[in-house]
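# Commentary on secondary and tertiary structure
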Amino acid sequence: MELKFSKKEEKFRSELRSWLEENVRTFPIDGSSVPTHLTEDEVELQKNWQRMLYRGGYSGIHWPKEYGGRGASLKEQLIFYDELTRMNAPDITNRLAMHFVGQQHAGPTIMVHGTEEQKKKHLPKILQGEEIWCQGFSEPNAGSDLANIQTRAELKGDKFIINGQKTWSSFANVSDYCEMMVRTDPTASKHKGISFLLVDMKLPGITIRPIVQITGDDDFCEVFFDNVEVPVENLVGKLNDGWRVGMTTLGFERGTAFLQKQLWLQYWVKEAGSLLKDARHKGSIDEKDFDEFVSRLLPLYSEALALKAISYRTIGLMEEKGTPGAEGSIVKIMWSELEQRITRLVKDIKKWQSIFTEGDMGPFNDIWQYRYLRSYARTIAAGSSEIQRNIVAERVLGLPRA
């Protein structure tokens, strides 16, 4: 599928490219730098880049102007991602991940289902980098089976009283707000008794415990709620209609939130090709291995191009419907599994004997080591590949439930 850009959109590309060339060069991090622990300095660094984007007019490209965005087309949003990737700039799929949930989950969901008061309160601050968000969906016994959540929110007067536990909440330890799915009617069927709340993470009764991952990152968290009082005006949508609201969030996550990640993967394949040529030149691999690696590399490039075409189609559907559909699960399967295949190929080309070695990049002496370890979570996060295939089978292909 070919996506053509108008003169206006190409003018936007030219202006953005000039801005990036001026600002990326002077910023202390780029898209390939390995994230560090979430120290105060690291948090402030990520906020500073987001503030720069906002001041430059490049935050919330597709968001309405009244909420602080640019009010541009989805094609201009795609151009923005493409140019960030070309410049190896920090972005929300790598070095600015702290802003991911706010910009790609909470913000779009509030725009679709939130009240005007909720939009005015949160959306400008998200784009300005002044409000960090986390997600409170998964629980110890409700991961892939999300409808099994048990965290209770009892409505008493003008407040919800929350008790329970959430897990795998990225950046909860530095977040200001949490988008949360809670059970408000335990007598209803699993999907019917859920509501969607916006929760201030500074409220009394919230305990946060970071979980250190295989990469060394400490941004994953368990969050415990003990009689946490949330104002009723923080309800998004109607009471007990939270499943529908939450599916909007997941639709954005699976369909459009990772558009930039999909563009990055095209560059990763090209990087892998350069590494392979370099290894052959240095004699670190023989001709037999070289031929085998080439046979693995070429299909990855084809997959990356196919993923780009499907992503363009997703943009088209979003322009028609306003929200992503179940087709986003196809994109999620493709990019997460492609990332794993690319990083495993690089691991074999480089013939790593170990990963946790000291170097200029902290515990990693190679950005590819970080990418390789991180890739293991990709087919689990945002709904496992098994769940995504069921969604595609039932909601896209119209097959009977398994």
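Residues numbered from 1 in each chain as written. Predicted model: local features only at pLDDT ≥ 70, side-chain atom pairs only at ≥ 80, totals over all residues. Heavy atoms only, no water.

## Structural notes on the overall build of the chain
Counted only if it meets this: The helix and strand labels rest on DSSP assignments: H or I over at least four residues marks a helix, E over at least two residues marks a strand, and numbering proceeds from the N terminus. Exposed residues in this analysis have more than 50% of their type's maximum accessible area, buried residues have under 20%, and partly exposed residues fall in between, with area computed by a 1.4 Å probe over protein chains only. Only the protein chains shown count as covering a residue, and every accessible area follows the Shrake-Rupley method with a 1.4 Å probe. Counted charges follow a simple rule, with Lys and Arg positive, Asp and Glu negative, and His plus the chain ends left uncounted. Every charge is mapped to an atom, namely NZ of Lys, CZ of Arg, CG of Asp or CD of Glu.
Of regular secondary structure, the chain possesses eleven helices and eight strands. Taking the principal axes of its C-alpha atoms as reference, the chain extends roughly 75 × 50 × 45 Å. Counting the 402 residues in the chain, one finds 54% classified as buried. Carbon and sulfur atoms make up 51% of the accessible area of the chain, which totals about 18300 Å². One finds the centroid of the 53 positive side-chain charges in the chain at a distance of 4 Å from the centroid of its 56 negative side-chain charges.

## Describing the pairing of strand β7 (residues 220–231)
Selection rule: Strands are labelled as partners when DSSP assigns at least two bridges between them.
Across seven bridges, strand β3 (residues 159–166) lies against β7 in antiparallel orientation. Note that in β7 the partner of Lys159 across the bridge is Pro231.

## Notes on helix α1 (residues 7–23)
In plain terms, the rule: Here the expected length of a helix is defined as 1.5 Å per residue gap, with one fewer gap than residues. Directions from the helix axis toward the C-beta atoms define the arc. Pairs of residues are marked as contacts when any of their non-hydrogen atoms sit within 4.5 Å.
If you check α1, its first and last C-alpha atoms are 24 Å apart, about what 17 residues at 1.5 Å a residue would give, namely 24 Å. Taken residue by residue, α1 has Glu9, Phe12, Arg13, Leu16, Trp19, Leu20 and Asn23 as its buried positions. Down the axis, α1 shows its buried residues gathered within 135° of arc, on one side only. Across α1 from its buried face, at more than 90 degrees, point the exposed residues Lys7, Lys11 and Glu22. Residues of α1 that are buried sit in contact with α2 (40–56) and α3 (74–86).

## Here we look at the pairing of strand β2 (residues 152–156)
As judged from the five bridges shared by β2 and β3, these two strands associate in the antiparallel manner. From the neighbouring strand, Arg152 faces β3, where its bridge partner is Asn163. Between β2 and β3, which follow one another and run antiparallel, lie two residues, and Gly157 among them has a positive phi close to 65°.

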